[in-house]
Amino acid sequence: MAPSSLLSMACTSLAIVSPSFAFVLPQTGTAKCDPSKTSLTVSNDGGISGTTRRGFMDNVASATAAIAGGSFLLTAPSPAIAYGLNKANDKLASYGLPGLSNVPNGYSALAEIYGKGANRSPLLVAFGFPLDWVVTLPSQDVNGEDGTIQAGEYAKGDTATFFVVPNESKVENIQEKDKEFFKSALIAAISQKGSNIYQDFKIIKAEPITVDKAKYMLVDFKYTLLTGAGFEVERRGVASITSAGDGVQLLWAASIAARFKNKTEGQLRNIIQSFRCYADGLNFSADLRAAVADF
């Protein structure tokens, strides 16, 4: 691919994710990407000087990883200040459920209904996330619900995404499933935008936990993300997998491998360890009526 085409594609990805990463080419200038130098420049004082080539490529990798990892571009994100542990626990309490008790200081939390639309089975999803992350929720229209519950620091490629595994029925004891089951579920989660966007997927370890009598599996995994711009981005992730209602659900959280090692591992583990998913015996009618009333 020509350098100018690669640069254009990369800049488009960055502009979508965060305006702070975008730049506008001057009408009289042309962009140059010189592999022999350490910076990307625009002629005629275009104003891109000072951005290292390595830093720019890291930003591109983060942006494309975030795009591939979730559906946040489809709905307007909400800041973490709109949520909070007390609000989440109040929501859980309204359903007669215990509050989240293992959310660290410096974290917010949410408790939201997934499946308000008639095209999905409703679930109550709760988890904590860092205060500086933003949240996106499913969109609602006359055709039903689309999208998912997600939180992230999208410009860095750090995301936590709720996923309902397709074509899976209720599992009485998720902890008795084998590694291939979890591998299949996680591949379905990371490859929603196509089977050609990843390679080298591997489960590193799996650990059972039981919280409030509900069974979960905590799974470490890694894979390589293949971007449309020709980059290969190593990703590390953790997930919590359970079975509530009539299906199998998971929350998976991932970041670029280098960030996982140096910064985000603890954050991502805190997030997935706080994950709770409920359906059995709950009456969601009030929330579902509120969703329908908008149309």
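Summary of the structure given here. Remember, predicted model here, so these are calculated numbers, not experimental data. (Residues numbered from 1 in each chain as written. Predicted model: local features only at pLDDT ≥ 70, side-chain atom pairs only at ≥ 80, totals over all residues. Heavy atoms only, no water.)

Some points on the nonpolar core
Right, on to step 1. In terms of nonpolar packing, the biggest core is built from 43 residues, with Leu124, Val125, Phe127 and Phe162 touching the most fellow members.
Right, on to step 2. Aside from chain neighbours lying at most four places away, what touches phenylalanine 127 is Leu100, Ala109, Leu110, Ile149, Ala151, Leu251, Ile271, Ser274 and Phe275.
Right, on to step 3. Counting 29 residues, the second-largest nonpolar core is a separate cluster that includes Val171, Phe181, Leu186 and Ala254. (Core = buried A, V, L, I, M, F, W, Y, C linked by side-chain atoms within 4.5 Å. Buried < 20%, exposed > 50% of the residue type's maximum accessible area, 1.4 Å probe, protein only. Contact = heavy atoms within 4.5 Å.)

Some remarks on the pattern of salt bridges
Right, on to step 1. For the coordinates displayed, the defined rule picks out 9 salt bridges.
Right, on to step 2. A salt bridge links lysine 170 to aspartate 280, with the shortest nitrogen-to-oxygen separation between them at 3.4 Å. Highlighted residues: lysine 170 in the loop between β10 (158–164) and α4 (179–190) and aspartate 280 in the loop between β15 (276–278) and α6 (285–292), separated in sequence by 110 residues.
Right, on to step 3. Taking the relative accessible area as the measure of exposure, lysine 170 reaches 31% and is therefore partly exposed.
Right, on to step 4. The exposure class assigned to aspartate 280 is exposed, which follows from its relative accessible area of 54%. (Salt bridge = Lys/Arg side-chain N within 4 Å of Asp/Glu carboxyl O. Helix = DSSP H or I, 4+ residues; strand = E, 2+ residues; numbered from the N terminus.)

Let's talk about helix α3 (residues 85–94)
Right, on to step 1. Along α3, the residues classified as buried are Ala88, Asn89 and Leu92. Burial along α3 is one-sided: seen end-on, the buried residues are contained in an arc of 95°. Turned more than 90 degrees from where α3 packs its buried face, Asn86, Lys87, Asp90 and Ser94 sit exposed.
Right, on to step 2. Where α3 is buried, its residues touch β4 (107–114), β5 (123–130) and β15.
Right, on to step 3. Following α3 by one or two positions, glycine 96 adopts a phi angle in the positive range, close to 75°. (Arc of directions from axis to C-beta.)

With respect to helix α5 (residues 257–274)
Right, on to step 1. Here α5 contains 18 residues, and its C-alpha end-to-end distance of 22 Å is more than 12% below the 26 Å for a straight helix at 1.5 Å per residue.
Right, on to step 2. Of all the bends in α5, the greatest measures close to 85° and is centred on threonine 264.
Right, on to step 3. Listed as buried for α5 are Ala257, Arg259, Phe260, Thr264, Gln267, Leu268, Arg269, Ile271, Ile272 and Ser274. (Expected span 1.5 Å × (residues − 1). Bend = angle between axes of the 7 residues up to and from the residue.)

Topic: the environment of leucine 250
Right, on to step 1. Looking at the secondary structure, you find leucine 250 in strand β14 (residues 249–256).
Right, on to step 2. Using a relative accessible area of 0% as the deciding quantity, one classes leucine 250 as buried.
Right, on to step 3. As a C-alpha pair, leucine 250 and leucine 186 span 64 residues in sequence and 8.4 Å in three-dimensional space.
Right, on to step 4. In this structure, leucine 250 is in contact with Thr161, Phe162, Phe163, Val165, Ala185, Leu186, Ala189, Ser240, Ile241 and Phe275, ignoring residues within four places of it in sequence.

Comments concerning the packing of aromatic side chains
Right, on to step 1. One pass over the structure, following the stated rule, counts 9 aromatic pairs.
Right, on to step 2. On the numbers, 5.5 Å between centres and 45° between planes, the contact of tyrosine 95 with phenylalanine 284 is tilted. With tyrosine 95 in the loop between α3 and β4 and phenylalanine 284 in the loop between β15 and α6, this residue pair connects regions lying 189 residues apart in the sequence.
Right, on to step 3. Exposure remark for tyrosine 95: the relative accessible area of 16% places this residue in the buried category.
Right, on to step 4. The exposure class assigned to phenylalanine 284 is buried, which follows from its relative accessible area of 6%. (Phe/Tyr/Trp six-rings, centres within 6.5 Å; stacked < 30°, edge-to-face > 60°.)

Comments concerning the environment of arginine 120
Right, on to step 1. Following the sequence through the fold, arginine 120 ends up in the loop between β4 and β5.
Right, on to step 2. With 26 residues separating them in the primary sequence, arginine 120 and aspartate 146 have C-alpha atoms 9.3 Å apart.
Right, on to step 3. When near neighbours in sequence (up to four residues on either side) are disregarded, arginine 120 contacts Tyr114, Gly115, Pro138, Glu145, Asp146 and Gly147.
Right, on to step 4. A distance of 3.3 Å separates polar atoms of two side chains, one belonging to arginine 120 and the other to tyrosine 114. (Polar contact = N/O pair within 3.5 Å; in protein donor to acceptor, adjacent residues only side chain to side chain.)

A word on the pairing of β14
Right, on to step 1. Along β14, 8 of the 8 residues are buried, which leaves the element largely enclosed by surrounding structure.
Right, on to step 2. Sheet topology note: the β10/β14 ladder contains 6 bridges and is antiparallel. Opposite alanine 160, over in β14, you have alanine 253 as the bridge partner.
Right, on to step 3. Hairpin connection between strand β13 (residues 232–242) and β14: a loop of 6 residues separates the two successive antiparallel strands, and glycine 245 in this loop has a positive phi of roughly 65°. (Pairing = 2+ DSSP bridges.)

Considering the side chain of glutamate 153
Right, on to step 1. Following the sequence through the fold, glutamate 153 ends up in strand β9 (residues 150–153).
Right, on to step 2. The buried category is assigned to glutamate 153, whose relative accessible area is 18%.
Right, on to step 3. The contacts of glutamate 153, once residues within four sequence positions are left out, are Asp132, Trp133, Asp158 and Arg259.

Some details on the sheet that holds β5
Right, on to step 1. Here 3 strands make up an open sheet; going across it, the order is β4-β5-β15 and the pairing antiparallel. In this open sheet, the two strands that pair with only one neighbour each are β4 and β15. The mean angle between the axes of side-by-side strands here comes to 15°, regardless of whether they run parallel or antiparallel.
Right, on to step 2. Note: β5 against β15, 3 bridges, orientation antiparallel. From the neighbouring strand, alanine 126 faces β15, where its bridge partner is arginine 276.
Right, on to step 3. Sheet strands in contact with α3 are β4, β5 and β15, and its direction is about 35° off that of β4.
Right, on to step 4. Of the strands in this sheet, β4, β5 and β15 are in contact with α5, which crosses β5 at around 155°. (Axes fitted to C-alpha atoms, helices over the stretch in contact; angles between N-to-C directions.)

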